[in-house]
Amino acid sequence: MSGIGGAGAVPVGDTGLAGGGVDPDQIPPEERGADVEQPAGRVRATLIAIRDGSALTTVLAVVIALVVGAVLIAATNPTVQSTAGYFFARPTDMLSAIGASVGGAYLALLQGGVYDWTQASPLDALQSFGHAIGFATPLIAAGLGIAVGFRSGVFNIGGQGQVLMGAAFAGYVGFTWNGPPIITMLLAVLFGLLGGGLVAGLVGVLKARTGANEVIVTIMLNYVIFYLLDFALSTPLLQAPGSGNPISPPEHPNAVFFSVLPAAYHVNVGFLLVIVGTIACSWLLSRSSIGFKMRAVGENPRAARVAGIEVNRVFTAAMVISGVLVGFAGVYQVLGTTTSGFTSGVDAGIGFNAITVALLGRSRPWGVFWAGILFGVFQAGGYTMQAAQNVDINAVQVVQSVIVLFIAAPPLVRAIFRLPQPGARKVAA
Amino acid sequence: MSTRVAAPVVGSAASRELSYKTPVALGIFAVLALLLLVVFARDGVSTFSFTQAGTVALPNVSLPVRATGIAVTIVAALMTIGAVALIRLRGAVPRWYVAVFTLLLVVGFLAWATAGQRLPIVGLLTGSLALAAPLIFGALGGVVSERVGIVNIAIEGQLLAGAFVSAIIASVTKNLFFGLLGAVVAGTLVSFVLAALSIKYVVNQVIVGVVLNVLMLGLTTFLYETVLVPASSTLNAPPTFANLAIPGLSLIPIIGAVVFDQSVVTYLMIVAVIVVWIGLTRTRWGLRLRAVGEHPQAADTVGINVSRTRFWNVALAGAIVGLGGAYFTLGSVGSFSQNITSGAGYIALAAVIFGRWDPLRASAAGLLFGFASQVANILGIVGSPVPSDILLTLPYVVTIIAVAGLVGRVRGPAAAGRPYVKG
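**Description of the overall build of chain A**
Phase 1: Regarding its fold elements, chain A presents 17 helices and 0 strands.
Phase 2: A burial count over chain A gives 55% of its 429 residues as buried.
Phase 3: Considering only intrachain contacts with a sequence separation of at least 6, the fraction spanning at least 24 residues in chain A is 71%.
Phase 4: Just so you have it, chain A exposes about 17600 Å², and 67% of that area is on carbon and sulfur atoms.

**A closer look at unusual backbone geometry**
Residues and elements named next belong to chain B.
Phase 1: Unusually for a residue other than glycine, K174 sits at a positive phi of about 55°.
Phase 2: Considering the arrangement of structural elements, one finds K174 in the loop between α6 (155–173) and α7 (176–200).
Phase 3: The class for K174 is exposed, based on a relative accessible area of 58%.
Phase 4: Residues other than glycine seldom take positive phi values, yet R356 does so here, at roughly 50°.
Phase 5: When you line up the elements, R356 lands in the loop between α15 (344–354) and α16 (359–382).

**Structural notes on the domain arrangement of chain B**
Residues and elements named next belong to chain B.
Phase 1: Domain parsing of chain B yields domain 1 (2–116) and domain 2 (122–388).
Phase 2: For domain 1 and domain 2, the distance between their C-alpha centres works out to 30 Å.
Phase 3: Taken residue by residue, the interface counts 17 residues in domain 1 and 18 residues in domain 2.
Phase 4: Of the roughly 1400 Å² buried at the junction of domain 1 and domain 2 (both faces included), carbon and sulfur atoms supply 67%.
Phase 5: Here domain 1 and domain 2 share 0 salt bridges between them.
Phase 6: Remark: the boundary between domain 1 and domain 2 carries 0 residue pairs in polar contact (both at pLDDT 80 or more).
Phase 7: The set of elements that each furnish at least two residues to the side of domain 1 that touches domain 2 consists of α1 (2–16) and α4 (95–113).
Phase 8: A per-element tally of the side of domain 1 that touches domain 2 places α4 first, with 6 residues.
Phase 9: When grouped by side-chain class, the residues that make up the side of domain 1 that touches domain 2 number 7 nonpolar, 8 polar and 2 charged.

**A look at the interface of chain A and chain B**
Phase 1: Each partner contributes to the interface: chain A provides 55 residues, whereas chain B provides 56 residues.
Phase 2: Surface buried jointly by chain A and chain B totals about 4800 Å² across both partners, of which 77% is contributed by carbon and sulfur atoms.
Phase 3: The tally of links from chain A across to chain B stands at 0 salt bridges.
Phase 4: Counting every contact that joins chain A to chain B gives 3 residue pairs in polar contact (both at pLDDT 80 or more).
Phase 5: For the side of chain A that touches chain B, the elements supplying multiple residues, two or more each, are α8 (183–210), α9 (214–232), α14 (350–360), α16 (394–407) and α17 (410–416) of chain A.
Phase 6: With 12 residues, the single largest contributor to the side of chain A that touches chain B is α9(A).
Phase 7: Taken together, the residues of the side of chain A that touches chain B sort by class into 36 nonpolar, 14 polar and 5 charged.

**Looking at the pairing of strand β1 (residues 45–49) of chain B**
Residue and element names in this part refer to chain B.
Phase 1: Of all 5 residues that make up β1, 4 are buried, and the element is covered over most of its length.
Phase 2: Pairing analysis gives 4 bridges linking β1 to strand β2 (residues 61–64), with the strands arranged antiparallel. What sits directly across from T47, in β2, is S62.
Phase 3: Bridge analysis of β1 against strand β3 (residues 118–120) gives 3 bridges, and the strand direction is parallel. Among the inter-strand pairings, T47 is bridged to a residue of β3, identified as R118.

**Some thoughts on the packing of helix α15 (residues 365–389) of chain A against α16(A)**
All names here are of chain A.
Phase 1: Orientation of α15 relative to α16, taken along the N-to-C sense of each, is 155°, at an axis distance of 9 Å. Judged on the interaxial angle alone, α16 and α15 are roughly antiparallel. Crossing angle aside, the handedness with which α15 passes α16 is right-handed. For the pair α15 and α16, the contacting residues are L374, F375, F378, Q379, G382 and M385 in the first and A395, V396, V399, Q400, I403 and V404 in the second.

Procedures and definitions
- Residues numbered from 1 in each chain as written.
- Chains lettered and ligands numbered in written order.
- Predicted model: local features only at pLDDT ≥ 70, side-chain atom pairs only at ≥ 80, totals over all residues.
- Heavy atoms only, no water.
- Helix = DSSP H or I, 4+ residues; strand = E, 2+ residues; numbered from the N terminus.
- Buried < 20%, exposed > 50% of the residue type's maximum accessible area, 1.4 Å probe, protein only.
- Contact = heavy atoms within 4.5 Å.
- Areas by Shrake-Rupley, 256 points an atom, 1.4 Å probe, with all protein chains shown as cover.
- Domains from an automatic or database assignment.
- Buried area = accessible area lost by both parts, 1.4 Å probe.
- Salt bridge = Lys/Arg side-chain N within 4 Å of Asp/Glu carboxyl O.
- Polar contact = N/O pair within 3.5 Å; in protein donor to acceptor, adjacent residues only side chain to side chain.
- Nonpolar A, V, L, I, M, F, W, Y, C, P; charged D, E, K, R; others polar.
- Pairing = 2+ DSSP bridges.
- Axes fitted to C-alpha atoms, helices over the stretch in contact; angles between N-to-C directions.
- Parallel < 35°, antiparallel > 145°, perpendicular 65-115°, else oblique.
- Left-handed = near helix turned anticlockwise from the far one by under 90°.

In structure tokens:
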């Protein structure tokens, strides 16, 4: 196994799609133990560690993705296209047009997602990053849910349905019950988590009891819940009184997530809850007994069964936990983002984007957290880029997916940049 | 075929303990029938119309709704009891039994939903086939890819690529066959990425598939918004395939219009189903493909080049799915729009699993899905007491119940999802 370290350590086990089990190649090099001999000299050793580590491939993957995005932006820019007509007569025209289009787009991305230098003070400039955190929060929550599923060997592709259900449950409590502050909010959150957990739990029970493949069932439930929610939004149950459109009434102020920073930063208590969730997931997966069982089932369901673990029960538990976390993304959407009433499009694609976030975070809680922040930056910056530079926001989606694609294939990244494969010195490639 | 491989396992399990899943599923449907067709019975007469232009006129069938509902419910209940008896006596419920039961309930439901209305049967079946066509192409590609050992979640991405490229090429060249060719190339290119990453760089195939879907959705939407929308009359106005009636055969009542008066893409689909089925089960190509998917090491030992076999068959799968993508633009709508496939690739993936990785059964699953969707569409048009949103959940609910009750634990190709590293 010549050092092919597929770092996409997502043990998709007995999903019925993948054959189950994870092979050693799927474990990132840094976890495989120090089988690379350390050469003499601390500086040299550090340099080699950086060269062979996964952090470098991550950075390089981002670089490749930004280059791909740049090509896309430049190629579709009208000025670039018109100057290309006389490229050989005056090449500088086209080159400067490329520079202007790509540079402008990426600067706008930075301005909208990280730091807006046009603002008066550095603190105001960071409001952009606050926006990014706002986008990142539901992505992290849902990404954690998908990651827990991956680690347990279940592929929860039903994020959309669970987000919608979480949103509907939390939203319903939030606009019907005008209770005391904090308590109303917490009750709405609890109901939302219940909604997501119920949907995923149904999948888990069906899988455990009848063997129904969770991939099929979650995909189908996405549609079922979408249409049911659309239906409920046109009945008095969820529809705003007097509205002709399928939209819910606005949430009561006491149910809405309150800001933890000045309002302009758009950072609310939901983000703190997500940090708590990340810590909890981290503990769950690496320290708790159920987490151990989940990982055992995810790595090798057959071995887990032999070891006395009730695999079906673990599948169900993993699905429920996954659904609860994904459900929180829906809660955040109605209590933190669109508090003025939600529609059946309230999921905003989070269900599917969460899968890429989980993959980018390599299904580890803190990995998912930072992956979510990165995607949040892209999302927030993407809107600024679209508004200021007229670059369609879907360019961001292309960049995001190229990052994940290359991060999953470190050998490919290394081959592109002509870096040696880690361990290649020891075992001939 | 997967059944042949899986048969001993299933058979021995069934002989040890009897599974009552099928009778339970039938029972649930019988109770639903009781609720809907008897408790909430409707009055009036439902007319099933078989007329179509240009062929022998068939008489309409008129069903008194209430009586039909009661009759259907009684027969369904009897058949559920019969299923229990069959499990006790023979250990299994034959497939035709389930098929007859399903047909019965479908007739009962259609009569109930169209009380006082006329239901065009030919339109129902033609529309079903049209909705099923891209699903069947997608499912065939999925079957080929997974039987050779590469999990293909990228069906959605391949469909989108095929739809997008075929729309542009057919618009520019004004030639439908160049459009089809473009779709094949586009689907193959997406497959190349899937194959290269999962075979050469042994990346988790599920990851590649999911990410390719997101990538293709982002890429086609970006290019649609920035390139196609500003120049829609030149780049996004492809001609569409006209129906091509097969002389003689198209005059057969009902079947003629449904099967033999279709566009070239639909005929291609029928040919593809037959070719893939025969190819997989009866040819050297199919034997090698399945060997690589079930036990790559054994295949390698007898001299089959596992990586090459996987690579080119995944490419072939992409080509087939690409044709399905062309169906969206050149076969029906006539122009590309954002996310035109809207999840059809995931449905096709479900059809692959539902059909137990068998080309014929996966195609049947696609047809079932197309039929359920078309029922929802037609009932939305003729007007039914059920709100359209509820009707639209029909295909998905039916699939969930069928997967949970009738299919159950399925076993895919043994080596699907596992990279093969020689050594």
